[in-house]
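Coordinate analysis (summary)
One letter stands for each residue in the lines below.
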Amino acid sequence: MAGISRKYPMLRRSRAMWTSRRVWQPRIVFWAGAISIGSISVLFAALADQAQGLFRALVGRDTGWRPYLPLITTPLGFVLCAWLAEVFFPGSQGSGIPQAIAARHLRDEHDRSRILSLRLAAGKIALTVIGLFCGASIGREGPTVQVGASLMLQAARRGGMAQARGLILAGSAAGIAAAFNTPLAGIVFAIEEMGRTYEARTNGLVLTAVILAGLASLGLVGNYTYFGAAKDTVAFGADWPLVIACGVIGGGFGALFSLLALTITRRIRRWNALQPLWRTLVVAGVCGLAVAVIGIASGGLTFGTGYTQAPRGYRGHPFAWTLGRFCNPRTARTSASGMATFQSGIHQ
């Protein structure tokens, strides 16, 4: 072998490169970071489900005072989360996606650490779980993006990798892929939401991170479908116009929701500028009370992430059945047994 190495210098240089610690250390740290994102995303999902289950068990189905308990617990939980975010986890506010996008455009490492760090990742998970335990109508995908970006950025620093923007993008995409167990969704998210363009320097990082995070999620929870499997078929002449209408209407409502959320958030921030902490706590309490009132009025359907309610809508709840009847009149059927099954599933 030594003679072959002397005869072929390129082989000798190749062996030196592949056995070099400087070459392998960043790769191993990057792979470990991607696997950690998948594992922590699964843990995050499990904690979120447990928090929602505890809230439903606390509220209960009785006709006594327990259904009205959110009028106390939800505002207090919102105030607690707001106080923790302001005092102990500054920078954890928001859904998580805008923070990850902003971090990609920041040049200063100190400014970037204010919104992407291990402390903020832990705080993001804790605050989301506390919010769900109190009945908040929030999801975990946005926080998972910020958590994934934080983990990958820390892995890059420990591994001596210089492509911070690409690694934030890879961590965010890996978080989405692990949260939904959909690798393609992570790649598309990286292109559309985070990167806008598919840069040649980062596509390998994104693909590797998404694959490793997806494998970690798959190994821990198995191959599952996020919203279940649909067995309905669509006839082109009768149903496709309604499908298109549902898509257009849903997109319009989604855009309107985003516009209202951004407008209200800007106004609240301007109002909070004089006394940030106290006014933030007041807003949190008012919002918590509003969420509790809406949740009680809807029979508990608006509490939590909505992942329990959405796939069971076709089973016969009157609100979901009305929408399903509009979208697909051939398959939207309700019955007393379907209603009972759905309602029992909501409260389990």
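Criteria and cut-off values
- Residues numbered from 1 in each chain as written.
- Predicted model: local features only at pLDDT ≥ 70, side-chain atom pairs only at ≥ 80, totals over all residues.
- Heavy atoms only, no water.
- Helix = DSSP H or I, 4+ residues; strand = E, 2+ residues; numbered from the N terminus.
- Expected span 1.5 Å × (residues − 1).
- Buried < 20%, exposed > 50% of the residue type's maximum accessible area, 1.4 Å probe, protein only.
- Core = buried A, V, L, I, M, F, W, Y, C linked by side-chain atoms within 4.5 Å.
- Contact = heavy atoms within 4.5 Å.
- Phe/Tyr/Trp six-rings, centres within 6.5 Å; stacked < 30°, edge-to-face > 60°.
- Lys NZ or Arg CZ within 6 Å of the ring centre and 35° of its normal.
- Axes fitted to C-alpha atoms, helices over the stretch in contact; angles between N-to-C directions.
- Left-handed = near helix turned anticlockwise from the far one by under 90°.
- Nonpolar A, V, L, I, M, F, W, Y, C, P; charged D, E, K, R; others polar.

Counted at 1.5 Å a residue, the expected span for helix α4 (residues 70–87) with its 18 residues is 26 Å, and the 25 Å between its end C-alpha atoms agrees. Those residues of α4 that fall on the buried side of the exposure criterion are Pro 70, Thr 74, Pro 75, Gly 77, Phe 78, Cys 81, Ala 82, Leu 84 and Ala 85.

Core analysis: the biggest nonpolar cluster contains 28 residues, and Met 152, Val 206, Ala 209 and Val 210 have the highest contact counts within it. Mapped by element, the contributors of at least two residues to this core are α3 (21–59), α7 (118–133), α8 (141–159), α9 (164–180), α10 (183–195) and α11 (203–221). Among the elements that line this core, the one with the most residues is α9, at seven residues. Apart from residues lying up to four places away in sequence, Ala 209 is in contact with Phe 30, Ala 34, Met 152, Ala 170 and Ala 174. Residues Ile 97, Ala 100, Ile 115 and Phe 189 belong to the second largest nonpolar core, which totals eleven residues.

Moving on to the environment of Arg 165. Note that Arg 165 resides in helix α9. Using a relative accessible area of 32% as the deciding quantity, one classes Arg 165 as partly exposed. For the pair Arg 165 and Ala 103, spaced 62 residues apart in sequence, the C-alpha separation works out to 7.9 Å. Setting aside anything within four residues of it in sequence, one finds Arg 165 in contact with Arg 104, His 105 and Arg 112.

Under the criterion given, the structure shown has two aromatic pairs. Arranged with centres 4.9 Å apart and planes meeting at 70°, the rings of Phe 55 and Phe 303 form a pair that is edge-to-face. Residue Phe 55 is found in helix α3, and its partner Phe 303 is found in the loop between α13 (276–297) and α14 (318–327); the two are separated by 248 residues along the sequence. For Phe 303, a relative accessible area of 10% corresponds to the buried category. When the ring of Trp 83 is compared with that of Phe 88, the centres are 5.4 Å apart and the planes differ by 80°; the resulting orientation is edge-to-face. In this structure, Arg 279 is placed above the aromatic ring of Trp 271, and the distance from its NZ or CZ to the ring centre is 4.6 Å.

This part covers the environment of Leu 132. For Leu 132, the location among the structural elements is in helix α7. Classification of Leu 132 as buried rests on a relative accessible area of 1%. Contacts of Leu 132, omitting those with residues within four sequence positions, involve Ala 48, Ala 51, Gln 52, Phe 55, Ile 138, Gly 304 and Thr 305.

The next subject is the side chain of Arg 279. Structurally, the position occupied by Arg 279 is in helix α13. Non-local contacts of Arg 279, meaning those with residues more than four positions away in its chain, are made with Trp 271, Asn 272 and Leu 274.

Time to look at the packing of α4 against α13. A packed helix pair is summarised by two numbers, namely the angle formed by the two axes and the spacing between the axes. Where α4 meets α13, the closest approach of the two axes is 7 Å, and the angle between their N-to-C directions is 150°. As α4 packs across α13, the resulting crossing turns out to be right-handed. Each of Pro 70, Leu 71, Thr 74, Pro 75, Phe 78, Val 79, Ala 82, Trp 83 and Glu 86 in α4 lies in contact with α13, whose residues at this interface are Leu 277, Thr 280, Leu 281, Ala 284, Gly 285, Cys 287, Gly 288, Leu 289, Val 291, Ala 292, Val 293 and Ile 296. Here the residues of the contact of α4 with α13 sort into 16 nonpolar, four polar and one charged.

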